[in-house]
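One-letter residues, chain by chain:
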Amino acid sequence: MASAAEQLAANLNMSSFAKATELKKRIWFTLGALIIYRLGTYIPVPGVDATVMGQLLAQNQGGIIGMFDMFTGGALGRMTVFALNIMPYISASIIVQLLSTALPSLEALKKEGDQGRKKLNAYTRYLTVLIALFQAYGIAMGLENITSHGASAVVNPGPFFILSCVVTLVGGTMFLMWLGEQITSRGVGNGISLIIFAGIVANLPHALASLFQLGYTGALSPFFVLLFLVLAAATIAFIVFMEQAQRRVVIQYPKRQVGSRMFGGDSTHMPLKVNTAGVIPPIFASSVLLIPVTISGFMNGKGMPGWLSTLGQEFGQGQPLYMLFYAAMILFFSYFYAAVTFNPEETAENLRKQGGFVPGIRPGSNTARYFDRILSRLTTIGALYLVAVCLLPQILISRYNVPFYFGGTSLIIIVSVTIDTMTQVQSHLVAHRYQGLIRKQRGRGNGRPEQGRGGRRR
């Protein structure tokens, strides 16, 4: 049976959306922030030759530069102020999250509530600055050594360029971090995720145009283009189904008598997602496997050992060795991230302290083993789902030259962010409807006594 909130959400329509002024303000703020982000992806770093950078990106389209350029919405290929995008913040967040499970001091902060969360956020920001400084300095040094057809990527190399480049790139990352936090607090959806989402979606029209161009020139048959679009729609529907799939573990709370009243006896459930790790395993696996290809592309075969050149060719996208290791690393990172983010022993202990239990399972270690068994099975299903979604586009890319922006990682990010944003919009609409009902009820309650008193006065 649907809950009251689900029944109310089912009755929401455009009239209720038109009356939700607070929600409309949040949506307009989110759109305005994303427009500012897109404008920033066209402001170049001073002293960089955009033509040489375009040629470099074309040479390394299949490497890690091409993947990160997709996430930045083309900002890295154009070498703009947002070239680093929000990636240093994501790396810092993952590192802090992993350390919080390994270091007792950080783990204690997670249990302190809002104050502990604020301290962890501060540590994440400091680590973001350090990572951004390291990456910006590496990019600045690398730009001075890049040449294409005799032209250098830097107009006036030297210490001043390195300093200005580092300050510009780090400043752009910190601004995006602040902008993402503003979207989260004053807009709709998760700001960091929406920034990545906007970068990927901004290049989808170009990818679609490339696909139709292949069909127009005869490189792909019209039937294959149509089949590909149908397959893409089916893949998106499958991703939506798997991202929302969850295993609901029933939790029972016993009845307690306090004085003459009886409390408890309720039954609830603990939702465990099938894809616990989300999109992190494909991103990590792609980053690690594309390093040999990137090194090979930068060196262009000059002064490079033969084994490294062969390794770079074997690990190219679409190669059998690349796909084998790609699938293996997705499986590894899925299990690793699930083990880090969910602690069965801690969950079972907290449940025991609250008086809850799983029907048919003894509290304590038995409940922990039960949770671990369920999590292992769910992680296996989720990891195989990620492997299938990520390898299918790789096959299409390698055999039929389908645009890279239709990769499985980008599709998962787009679907996940869309679901999360729409869920928050629906929550705002439900809250607005409830507030309207409460105000009407209060108005009726205040009006009746006033009429009664007025009648008595008369």
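Residues numbered from 1 in each chain as written. Predicted model: local features only at pLDDT ≥ 70, side-chain atom pairs only at ≥ 80, totals over all residues. Heavy atoms only, no water.

- Per an unreviewed UniProt entry, the protein chain goes by Protein translocase subunit SecY and derives from Swaminathania salitolerans.
- Here the protein chain is described in UniProt, under the heading Subunit (unreviewed entry), as follows: "Component of the Sec protein translocase complex. Heterotrimer consisting of SecY, SecE and SecG subunits. The heterotrimers can form oligomers, although 1 heterotrimer is thought to be able to translocate proteins. Interacts with the ribosome. Interacts with SecDF, and other proteins may be involved. Interacts with SecA."
- Under the UniProt heading Sequence similarities (unreviewed entry), the note attached to the protein chain is "Belongs to the SecY/SEC61-alpha family." (UniProt positions renumbered as here; feature names shortened; annotations may be inferred.)

**Here we look at helix 17 (residues 320-341)**
And then number 1: With 22 residues, helix 17 ought to run about 32 Å at 1.5 Å a step, and its terminal C-alpha atoms sit 32 Å apart, in line with that.
And then number 2: Restricting attention to buried positions, one finds in helix 17 the residues Y322, M323, Y326, A327, M329, I330, F333, S334, Y337, A338 and V340. (Helix = DSSP H or I, 4+ residues; strand = E, 2+ residues; numbered from the N terminus. Expected span 1.5 Å × (residues − 1). Buried < 20%, exposed > 50% of the residue type's maximum accessible area, 1.4 Å probe, protein only.)

**Here's the deal with the packing of helix 9 (residues 114-144) against helix 10 (residues 159-186)**
And then number 1: Remark: helix 9 packs on helix 10, axes separated minimally by 8 Å, with the N-to-C direction vectors making an angle of 140 degrees. The crossing of helix 9 and helix 10 is right-handed. When helix 9 is examined against helix 10, the residues R125, T128, V129, A132, L133, A136, Y137, I139, A140, M141, L143 and E144 are found in contact with a partner set consisting of F161, I162, C165, V166, L169, V170, T173, M174, M177 and E181.
And then number 2: Of the residues contributing to the contact of helix 9 with helix 10, the split by class is 17 nonpolar, two polar and three charged. (Axes fitted to C-alpha atoms, helices over the stretch in contact; angles between N-to-C directions. Left-handed = near helix turned anticlockwise from the far one by under 90°. Contact = heavy atoms within 4.5 Å. Nonpolar A, V, L, I, M, F, W, Y, C, P; charged D, E, K, R; others polar.)

**Description of the nonpolar core**
And then number 1: Among the nonpolar cores identified, the biggest contains 61 residues, and V249, Y326, F371 and I412 are the most heavily contacted of them.
And then number 2: Here this core takes 11 residues from helix 19 (residues 365-400), the largest share from any one element.
And then number 3: Viewed by domain, this core spans two of them, domain 1 (22-202) and domain 2 (220-402), each represented by three or more residues.
And then number 4: With sequence-adjacent residues up to four places away left out, I412 is seen in contact with I239, E243, V279, Y385, L386, V389 and C390.
And then number 5: Grouped together as the second largest cluster of nonpolar side chains are 22 residues, V45, A83, A136 and A153 included. (Core = buried A, V, L, I, M, F, W, Y, C linked by side-chain atoms within 4.5 Å. Domains from an automatic or database assignment.)

**Details of the packing of helix 3 (residues 21-40) against helix 10**
And then number 1: Interaxial distance between helix 3 and helix 10 falls to 9 Å at its minimum, and their mutual angle equals 165 degrees. Comparing the axis directions of helix 3 and helix 10 gives the class roughly antiparallel. Considering the relative orientation of helix 3 and helix 10, their crossing is left-handed. Taken together, the residues of helix 10 that come into contact with helix 3 (itself represented by R26, F29, T30, A33, L34, I36 and Y37) are F175, L176, L179, Q182, I183, S185 and R186.
And then number 2: Among the residues making up the contact of helix 3 with helix 10, the classes are represented as nine nonpolar, three polar and two charged. (Parallel < 35°, antiparallel > 145°, perpendicular 65-115°, else oblique.)

**Focus on the pattern of salt bridges**
And then number 1: In this structure the tally under the stated criterion is four salt bridges.
And then number 2: The partner of E22 in a salt bridge is R26, with the nearest N and O atoms 3.7 Å apart. With E22 and R26 both in helix 3, this residue pair falls four residues apart, about one helical turn.
And then number 3: Looking at E22, the relative accessible area reads 48%, which means it is partly exposed.
And then number 4: Given a relative accessible area of 18%, R26 falls into the buried group.
And then number 5: Between E349 and R352 there is a salt bridge, and its shortest N-O distance comes to 2.4 Å. Of this pair, E349 and R352 both sit in helix 18 (residues 344-353), separated by three residues, roughly a single helical turn. (Salt bridge = Lys/Arg side-chain N within 4 Å of Asp/Glu carboxyl O.)

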